[in-house]
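Fold and geometry: a report
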Number of protein chains: 2
Amino acid sequence: MSEHEKRRPVGRVKEVTSLSNPLVKDIKALALKKFRDQNNAFMAEGLKLVIDALDLGWEIRTLIFAKAGRGNAAVEKVAARTVAAGGDVLEVSEKVLSSITRRDNPQMVVGVFTQRLVPLKDIRPARGDVWVALDRVRDPGNLGTVIRTVDAVGAKGVILVGDTTDPFSLETVRATMGSIFAVPVAKTSVEAFLAWRKGFPGLVAGTHLKGAVDYRSVDFSDKPVLLMMGNEQQGLPDDLAQNCDRLLRIPQAGRADSLNLAVATGVMLFEIRRGALSLEAPAP
Amino acid sequence: MSEHEKRRPVGRVKEVTSLSNPLVKDIKALALKKFRDQNNAFMAEGLKLVIDALDLGWEIRTLIFAKAGRGNAAVEKVAARTVAAGGDVLEVSEKVLSSITRRDNPQMVVGVFTQRLVPLKDIRPARGDVWVALDRVRDPGNLGTVIRTVDAVGAKGVILVGDTTDPFSLETVRATMGSIFAVPVAKTSVEAFLAWRKGFPGLVAGTHLKGAVDYRSVDFSDKPVLLMMGNEQQGLPDDLAQNCDRLLRIPQAGRADSLNLAVATGVMLFEIRRGALSLEAPAP
Ligand SMILES: [Co+2]
Ligand SMILES: [Co+2]
């Protein structure tokens, strides 16, 4: 359990091999929401992800890379960018990296970033914009997958309503496959959401098992659209359903009485964006 | 750690409170693929699921229920059906149930069932039938969600090609939300699959990032359709892609270069079944 730090000529690179190193302990603590919130920070894995995040202007606090990354030009470049941004760089053993990411075969690079949410009041949808509001979403994988899908269809962002799973958990960030850095996310109470919704200048559509309208029968073009999705257990509660302009239903066959939340959201989003997406001219 | 068994007047109900009870150990071992394969068995959680499974003719080997279920009419009825089918019934402590299901708040009822796969040679698609072939799917949640979606759209079943995650793992079964009992699943090698595919009497469509054809531009009606999906890491490999009649692409915007596998499969399936699904007349 020898522990040592030494300055590397390249910059401020600390070398860490001990699981009990206090820097490592602080990063590992980010697995818990309490510490993520206290530090307003979160972790993301993967060299490409970290580069994308920096390119998109996210604030990096710490770059952690495996010994195997030493000498890798891309890793050295990201390390230099981290130092230039005032962040720390840690070179760690694979054991430490596994421990931080809770994985047997960890990625070579992990970044610790400052959390960033968009304030609800700053969301002012324009024509063609699509936003997704998720009511009390519970499953980190579902949330991450919805964020990823929002990115894929070119929708504008996600509004988390009520008590939801944390968008900055390791599992959610993983499921976004990097889209956490590209897709604006807002968090709000039901009350604040309903107040904001009153000013929404377009169509507010809820997906509802009791909806009488086929989701394919609505014209979503030429206006902002807010898609409201209920959570995994209950679907949209009454207070939210009553504030939709339309309650839409996805027709189903067979004995399953509901789709997975991320699949249902994906099917809705591809329908809403049906006219905007094409192979010839990808929508902005 | 007191352990005791006693016969209940109602039937062959064994009462178990010890984690070291051999029956409990055997059931817990089903968390591992090795033991599931050895015993040709798997676990499913939830009273409604177990009832559905029995109604669909699945063979139950053991019913486990929490003490809280004693006297519950539905639980007693399922217990009687299990005994009538020659299965065992265990009444266990919540601690034991948590341990079996690896959950803090377990369902009240767990069933151990005999695995059942459909032989590939028995799949003879008719007009309108839709099958999904998944190439080396890795994520249990994705596989379970695809099985659930296949059920929801009224497709016929899932063919697992190559080395895939186990359809009978606890995580996959959970994600199917009961559809594991309703959706036929086949497992096969690439070679056997390609041989079978030669006789497929309809359209074989692969989803491919390099596909030149918009997935919405194809007529899927009036014929059997086989949808081939690549895995989470690589998309369709060449040997499978070359055996598709059409390589289709889902147009995307934004910086995400791919959709989650279960979402992409869902979007494809709702397109393929677009004409068959409606709110007025749910398809058979
Ligand atoms: Co050293
Ligand atoms: Co007792």
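What you see is a predicted model, and the numbers here were worked out from it, not measured in a lab.

Before going further, it helps to spend a moment on helix H8 (residues 190–198) of chain A. Residues and elements named next belong to chain A. Every buried residue belonging to H8 is among Val190, Phe193, Leu194, Trp196 and Arg197, and all of these are buried. Along the axis of H8, the buried residues cluster in a sector spanning 160°; they form a single face. Residues of H8 that are exposed and angled more than 90 degrees away from the buried face: Glu191 and Lys198. In this fold, the buried residues of H8 make contact with strand E6 (130–135), strand E7 (157–161), strand E8 (185–188), strand E9 (203–207), strand E11 (225–229) and helix H9 (238–241).

For the rest of this paragraph, the subject is the relation of the copies chain A and chain B. When chain A is fitted to chain B, the residual RMSD is 0.0 Å, and the transformation amounts to a turn of 180° plus an axial shift of 0.0 Å. Interpreted geometrically, this transformation is the action of a two-fold axis.

Let's shift gears to the environment of Lys198 of chain B. Residue and element names in this part refer to chain B. Looking at the element boundaries, Lys198 is found in helix H8 (residues 190–198). On the basis of relative accessible area, Lys198 is assigned to the exposed category, the value being 70%. When the C-alpha atoms of Lys198 and Asn243 are compared, they prove to be 8.5 Å apart, with 45 residues separating the residues in sequence.

Counting residues in each nonpolar core, the largest one holds 116 residues, and the members touching the most others are Phe113 of chain A together with Phe113 of chain B. Residues within four places of Phe113 of chain A in sequence aside, it is in contact with Asn40, Ala41, Phe42, Ala44, Val50, Ala53, Leu54, Trp58, Glu59, Ile60, Arg61 and Phe181 of chain A.

With that settled, consider the packing of helix H3 (residues 47–55) of chain A against helix H4 (residues 73–84) of chain A. Residue and element names in this part refer to chain A. Packing of H3 against H4 leaves a shortest axis separation of 11 Å and a crossing angle of 35°. Taken as a pair, H3 and H4 cross one another with a handedness that is left-handed. Here Leu47, Val50, Ile51, Leu54 and Asp55 of H3 lie close against H4, whose contacting residues are Ala74, Val75, Val78 and Arg81. Taken together, the residues of the contact of H3 with H4 break down into 7 nonpolar, no polar and 2 charged.

A few words now on the sheet that holds strand E10 (residues 213–214) of chain A. Sheet strands line up and pair through hydrogen bonds in the backbone, either parallel or antiparallel. Residues and elements named next belong to chain A. The 7 strands are arranged E8-E7-E6-E11-E9-E12-E10 in an open sheet whose pairing can be described as parallel. Each edge of the open sheet is held by one strand with a lone partner, namely E8 and E10. By the bridge criterion, 5 bridges tie E9 to E11 in an arrangement that is parallel. Bridging from a neighbouring strand, Ala205 pairs with Leu227 of E11. Contacts from helix H6 (residues 140–153) reach E6, E7 and E8 within the one sheet, and its direction differs from that of E7 by about 150°. Across the sheet, helix H10 (residues 261–272) is in contact with E6, E9, E11 and strand E12 (246–249); its angle to E11 comes to roughly 160°.

Next up on the list: the interface of chain A and chain B. Listed as interface residues are 43 residues of chain A and, on the opposing side, 43 residues of chain B. Roughly 3,400 Å² of surface becomes buried between chain A and chain B when both sides are summed, with 56% attributable to carbon and sulfur atoms. Linking chain A to chain B there are 2 salt bridges. The residue Arg274 of chain B makes a salt bridge to Glu271 of chain A at a minimum N-O spacing of 2.9 Å. Connecting chain A to chain B are 12 residue pairs in polar contact (both at pLDDT 80 or more). For the side of chain A that touches chain B, the class distribution of residues is 21 nonpolar, 12 polar and 10 charged.

It is worth spelling out the packing of aromatic side chains at this point. All names here are of chain B. Considering all chains together, one arrives at 16 aromatic pairs over all chains under this definition. Their ring planes at 80° and their centres at 5.1 Å tell us that Trp58 and Phe181 sit as a pair that is edge-to-face. Here Phe181 lies in the loop between helix H7 (170–176) and strand E8 (185–188) and Trp58 lies in the loop between helix H3 (47–55) and strand E3 (60–66), a separation of 123 residues in the sequence. For Phe181, a relative accessible area of 5% corresponds to the buried category.

This next bit is on the pairing of E6 of chain A. Consecutive side chains along a regular strand alternate between the two faces of the sheet. For E6 of chain A, a buried count of 6 out of 6 residues is recorded, marking the element as mostly surrounded by other parts of the structure. Because side chains alternate across E6 of chain A, one face comprises the buried residues Val130, Val132 and Leu134 of chain A, and the other comprises Trp131, Ala133 and Asp135 of chain A, equally buried.

We now examine the domain arrangement of chain A. Residue and element names in this part refer to chain A. Split into domains, chain A comes out as domain 1 (13–114) and domain 2 (120–272). Centre-to-centre separation of domain 1 and domain 2, based on C-alpha positions: 31 Å. The partner domain 2 presents 12 residues to the 14 residues of domain 1 that form the contact. A buried area of about 1,200 Å², summed over both sides, lies between domain 1 and domain 2, and 66% of it is on carbon and sulfur atoms.

About the cut-offs
- The numbers attached to residues start from 1 for each chain and follow its sequence in the written order.
- Each chain gets a letter, beginning with A, and each ligand a number, beginning with 1, in the order they are written.
- Residue-level local features of this predicted model are given only where pLDDT is at least 70; pairs of side-chain atoms are given and counted only at 80 or more, and the full residue set underlies all totals for whole chains, interfaces and linings.
- As a convention, hydrogens and water are excluded, and side-chain values are obtained from all of the structure's heavy atoms.
- The cut-offs for exposure are 20% and 50% of the maximum accessible area for each residue type, with area from a 1.4 Å probe on protein chains only; residues under the lower value are buried, those over the upper are exposed, and the others partly exposed.
- What counts as a helix is a DSSP run of H or I of at least four residues, what counts as a strand is a run of E of at least two, and both are numbered from the N terminus.
- Working definition: the arc comes from the directions between the helix axis and the C-beta atoms, pointing outward to the latter.
- The contact criterion used is simple: two residues touch if any of their non-hydrogen atoms lie within 4.5 Å.
- The least-squares superposition of copies is restricted to C-alpha atoms, and to residues with a pLDDT of at least 70 in both copies.
- In this text, buried Ala, Val, Leu, Ile, Met, Phe, Trp, Tyr and Cys residues form a nonpolar core when linked through side-chain atoms within 4.5 Å.
- As a rule, the C-alpha atoms of each element are fitted with a line to give its axis, helices using only the stretch in contact, and angles between N-to-C directions run from 0 to 180 degrees.
- The handedness criterion is simple: a crossing whose near helix is rotated anticlockwise from the far helix by less than a right angle is left-handed, and one whose near helix is rotated clockwise is right-handed.
- Classification convention: Asp, Glu, Lys, Arg as charged; Ala, Val, Leu, Ile, Met, Phe, Trp, Tyr, Cys, Pro as nonpolar; all other residues, Gly among them, as polar.
- Pairing between two strands is assigned when DSSP locates at least 2 bridges connecting them.
- When two components associate, each loses some accessible surface as probed by a 1.4 Å sphere; the sum of these losses over both components is called the buried area.
- Salt bridges are counted wherever a side-chain nitrogen of Lys or Arg sits within 4 Å of a carboxyl oxygen of Asp or Glu.
- The definition of a polar contact used here is a pair of N or O atoms within 3.5 Å, where within protein one atom must be able to donate a hydrogen and the other to accept one, and adjacent residues in sequence count solely through side-chain atom pairs.
- Note on aromatic contacts: the rings of Phe and Tyr and the six-membered ring of Trp form a pair at centre separations within 6.5 Å, being stacked when their planes are under 30 degrees apart, edge-to-face when over 60 apart, and tilted otherwise.
- Note: domain ranges come from an automatic or database domain assignment.

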